[in-house]
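Chain by chain, the residues run as shown.
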Amino acid sequence: VAFESDTTKVSIMCDVGRTDYNAFLPAAESIVSMVRVATYVKDIDKAIHLGNHVRDLGYEVSVNIMAVSHALEPDLDEALAQLAKAKFLVVYLVDSFGYFYSEQIQYLAKKYLEVLRPAGIEVGVHMHNNLQLGFANTVEGIIQGVNYLDATIYGMGRAAGNCPLELLVDFLKNPKYDVRPIFDLIQRYFIDM
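If you're wondering where the values come from, they're calculated on a predicted model, not measured in any experiment. For every chain, the first residue of the written sequence is number 1, and numbering continues from 1 onward in sequence order. Since the coordinates come from a predicted model, pLDDT governs what is reported: local features require at least 70, and pairs of side-chain atoms require 80 or more to be given and counted, while whole-chain, interface and lining totals use all residues. Side-chain numbers come from the whole structure's heavy atoms, not from hydrogens or water.

Caption draft 1: A look at the overall build of the protein chain. Each helix is a run of DSSP H or I of at least 4 residues and each strand a run of E of at least 2, with the numbering of both proceeding from the N terminus. Looking only at helices and strands, one finds six helices and seven strands in the protein chain. Overall, the protein chain shows an N-to-C arrangement of helices and strands of β-β-β-α-β-α-β-α-β-α-β-α-α. All radius of gyration figures rest on C-alpha atoms, and the globule criterion is 2.2 Å times the number of residues raised to 0.38. Against the 2.2 N^0.38 benchmark of 16 Å for 193 residues, the protein chain shows a C-alpha radius of gyration of 17 Å, consistent with a compact globule. The C-alpha extent of the protein chain, read off along each of the three principal axes, is 45 × 40 × 30 Å. Here the protein chain holds 193 residues, and the buried ones make up 42% of them. The long-range fraction of contacts in the protein chain, counting pairs at least 24 apart against all pairs at least 6 apart in sequence, stands at 70%. Note that accessible areas follow from Shrake-Rupley with a 1.4 Å probe, and for residues the cover is restricted to the protein chains shown. On the protein chain, roughly 10,600 Å² of surface is accessible, and the fraction owed to carbon and sulfur atoms is 55%. The classification of residues rests on relative accessible area computed with a 1.4 Å probe and restricted to protein chains. Under 20% of the type maximum is buried, over 50% is exposed, and intermediate values are partly exposed. Throughout, a residue-residue contact means that at least one pair of heavy atoms, one from each residue, lies within 4.5 Å.

Caption draft 2: Here's a closer look at the pattern of salt bridges. Any carboxyl oxygen of Asp or Glu within 4 Å of a side-chain nitrogen of Lys or Arg constitutes a salt bridge here. By the definition in use, this model includes nine salt bridges. Here D77 ties to K111 by a salt bridge, and the two come within 2.7 Å at their closest N and O atoms. Here D77, found in helix α2 (residues 73-86), pairs with K111, found in helix α3 (residues 102-116); they are 34 residues apart in sequence, far enough to count as distant. Using a relative accessible area of 13% as the deciding quantity, one classes K111 as buried. Between R117 and E122 there is a salt bridge; the shortest N-O distance is 3.5 Å. The partly exposed category is assigned to R117, whose relative accessible area is 35%. When salt bridges that share partners are traced, they join K42, D43 and K46 into one network.

Caption draft 3: Structural detail: unusual backbone geometry. Look at K87: it is not a glycine, yet its phi comes out positive at around 60 degrees. For K87, the position within the fold is in the loop between α2 and β5 (90-95). The backbone of A159 shows a phi angle near 55 degrees, a positive value even though the residue is not glycine. Inspection of the secondary structure assignment puts A159 in the loop between β7 (148-149) and α5 (165-172). Here A159 falls in the exposed class, since its relative accessible area comes to 60%.

Caption draft 4: Spotlight on the packing of helix α4 (residues 134-144) against α5. Relative orientation of the contacting elements α4 and α5 amounts to 35 degrees, with a least axis distance of 10 Å. Relative to α5, the crossing made by α4 is right-handed. Along the contact surface, α4 presents F135, T138, V139 and I142, while α5 presents L167, L168, F171 and L172. Side-chain classes are defined by residue name, with Ala, Val, Leu, Ile, Met, Phe, Trp, Tyr, Cys and Pro counting as nonpolar, Asp, Glu, Lys and Arg as charged, and the others, Gly among them, as polar. Of the residues belonging to the contact of α4 with α5, the class tally is seven nonpolar, one polar and no charged. Throughout, an axis means a line fitted to C-alpha atoms (over the contacting stretch in the case of helices), and angles, computed between N-to-C directions, take values from 0 to 180 degrees. Here a crossing is called left-handed whenever its near helix is offset anticlockwise from the far helix by less than a right angle, and right-handed whenever the offset is clockwise.

Caption draft 5: The arrangement of the layout of surface pockets in detail. Put simply, the grid is 1 Å and covers the protein atoms alone, a cavity is a trapped set of points that fit a 1.4 Å probe, a pocket is an open set with protein on both sides within 12 Å along at least five of seven lines, and lining residues have an atom within 4 Å of a point. Grid points are joined across faces, edges and corners, and a volume is the space filled by probe spheres set on the points. In this structure, the second largest pocket spans a volume of roughly 310 Å³. Lining the second largest pocket are 16 residues, with M13, D15, A38, Y40 and M66 sitting closest to its centre. It is strand β3 (residues 32-40) that provides the largest number of residues to the lining of the second largest pocket, a total of three residues. Taken together, the residues of the lining of the second largest pocket sort by class into seven nonpolar, five polar and four charged.

Okay, here's the thing in structure tokens:
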């Protein structure tokens with residue numbers, strides 16, 4: 001779920017190659033407002049095709065490029081160039097295995113921003129926490145100029161989890177964000193797990 005000022009947007013994620021195109025209603029008939037397409041560099045053409053399909057139905061579209069640590073740099077460069085032409089709302093830098101260090105986030109965020117920002121596309125970060133660097137690497141993304149940040153309550157997520165939302169909200173020091181309800185939720189539902 002993505003939060004935008006006083007409204008809540010519902011976002012879903014779908015994987016390239018495992019998504020039924022016919023399952024999407026027109027956006028005007030759905031509670032979903034954004035579709036995030038998860039893909040690997042090798043399938044970027046399929047991701048663009050799927051993204052165009054859901055955009056034509058009225059959804060905002062973002063793309064997660066997964067496992068970039070396993071991609072060859074020229075292939076990643078080509079994928080970013082193709083996405084710059086696709087004009088989706090956001091492209092996410094994803095640390096799928098949670099083992100990037102801040103230097104790698106710095107390098108990749110700059111690469112994504114240099115290609116995508118001139119095309120009017122925002123860049124996001126989606127960090128996994130295998131080395132307990134999900135929060136630190138999300139902060140590095142902020143430092144580099146990334147505007148979309150993924151986090152989960154109590155860091156819950158696949159494998160070692162993601163950047164903890166409560167840390168990120170507190171770090172942002174924005175008076176419109178209140179971390180107390182998140183702590184209440186953690187206390188009520190997560191502590192006894």
